[in-house]
Amino acid sequence: MISLAICGDNRGRLVAIEGMSDVPFPIARVYYVFHTQPGVDRGFHAHRALRQVLIAVNGSCTILVDDGEIRNNVRLNDPSMGLLLEGLVWREMSDFSPDCVLLVIADAHYDENDYIRDHGQFLDAVREQM
Ligand code: T46
């Protein structure tokens, strides 16, 4: 988890995110997931090279992270906390609150070739890198 500094005053709060300081990579892309329908799960893939930070800037959701050996659920519910995903990590997103806005900051442009969408192929890739 990455803790993001909050600039707060009597007007409210602000979080600024700069590449190579607040997140440990240059920022190439930002996208957000919102209006996720009840009961819908997303993700179910890993990335070969992409580095990302996930932040629930509103509401909450759960990210299952799986490195091929250990599977952990991380609840994101704080707009000042980011989940850094790098290396071969399978991820599944679930339990989105109706108001959830999941912001994702990435170090590369969208590339479908970087995705591993089959869990068996993901486990093979983990074994190959050992
Ligand atoms: C990830 C998790 C956390 C684009 O055209 N450009 C983009 O930058 C992205 C991210 C997606 N798309 C298109 C591709 C699909 O037609 O948007 C559609 C939904 O993408 P996807 O099914 O991959 O969405 P999620 O929520 O399953 O996964 C996304 C990211 O793709 C992925 O990198 O780590 O969020």
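### Overview of the side chain of Asp66
Structurally, the position occupied by Asp66 is in strand S7 (residues 61–66). Ignoring any residue separated from it by four or fewer positions in sequence, one finds Asp66 in contact with Arg71, Leu88, Val89, Trp90, His119 and Phe122.

### Quick look at the pattern of salt bridges
A full pass over the atoms with the stated rule returns six salt bridges. Arg11 is the partner of Asp9 in a salt bridge, and the nearest nitrogen-oxygen pair spans 2.7 Å. Across the pair Asp124 and Arg127 runs a salt bridge, and its minimum N-O distance is 2.9 Å. A residue pair is termed a helical-turn pair when its members lie 3 or 4 positions apart in one helix, as Asp124 and Arg127 do in helix H1 (residues 119–128) at three residues. Taking relative accessible area as the criterion, Asp124 reaches 37% and is therefore assigned partly exposed. Look at Arg127 and you get exposed, because its relative accessible area is 53%.

### Re the environment of Asn72
Position of Asn72 relative to the elements: it lies in strand S8 (residues 71–76). Asn72 sits in the partly exposed class, given a relative accessible area of 44%. Distance in space between the C-alpha atoms of Asn72 and Ala125 is 19 Å, their sequence separation being 53 residues. Contact partners of Asn72, with chain neighbours within four places excluded, come to Ile63, Leu64 and Val65.

### Thoughts on the packing of aromatic side chains
Taken as a whole and judged by the stated rule, the model has three aromatic pairs. Aromatic side chains Trp90 and Phe122 sit 5.7 Å apart centroid to centroid with 45° between the ring planes, which places their arrangement in the tilted category. You can see Trp90 sitting in strand S10 (residues 90–94) and its partner Phe122 sitting in helix H1, a full 32 residues away along the chain. Accessibility expressed as a relative area gives 0% for Phe122, which makes it buried. Seen in terms of ring centroids, Tyr110 and Tyr115 are 5.8 Å apart; in terms of plane orientation they differ by 65°. Their pairing is edge-to-face.

### Comments concerning the sheet that holds S7
Strand order in the open sheet formed by five strands is S8-S7-S10-S5-S12, and the pairing between neighbours is antiparallel. For this open sheet the edge positions go to S8 and strand S12 (115–116), each flanked by a neighbour on one side alone. Here strand S5 (residues 42–47) runs beside S10; their pairing, made up of three bridges, is antiparallel. By the bridge assignment, His45 is partnered in S10 with Arg91.

Procedures and definitions
Residues numbered from 1 in each chain as written. Predicted model: local features only at pLDDT ≥ 70, side-chain atom pairs only at ≥ 80, totals over all residues. Heavy atoms only, no water. Helix = DSSP H or I, 4+ residues; strand = E, 2+ residues; numbered from the N terminus. Contact = heavy atoms within 4.5 Å. Salt bridge = Lys/Arg side-chain N within 4 Å of Asp/Glu carboxyl O. Buried < 20%, exposed > 50% of the residue type's maximum accessible area, 1.4 Å probe, protein only. Phe/Tyr/Trp six-rings, centres within 6.5 Å; stacked < 30°, edge-to-face > 60°. Pairing = 2+ DSSP bridges.

In short, shape yes, function no, at least from these values alone.
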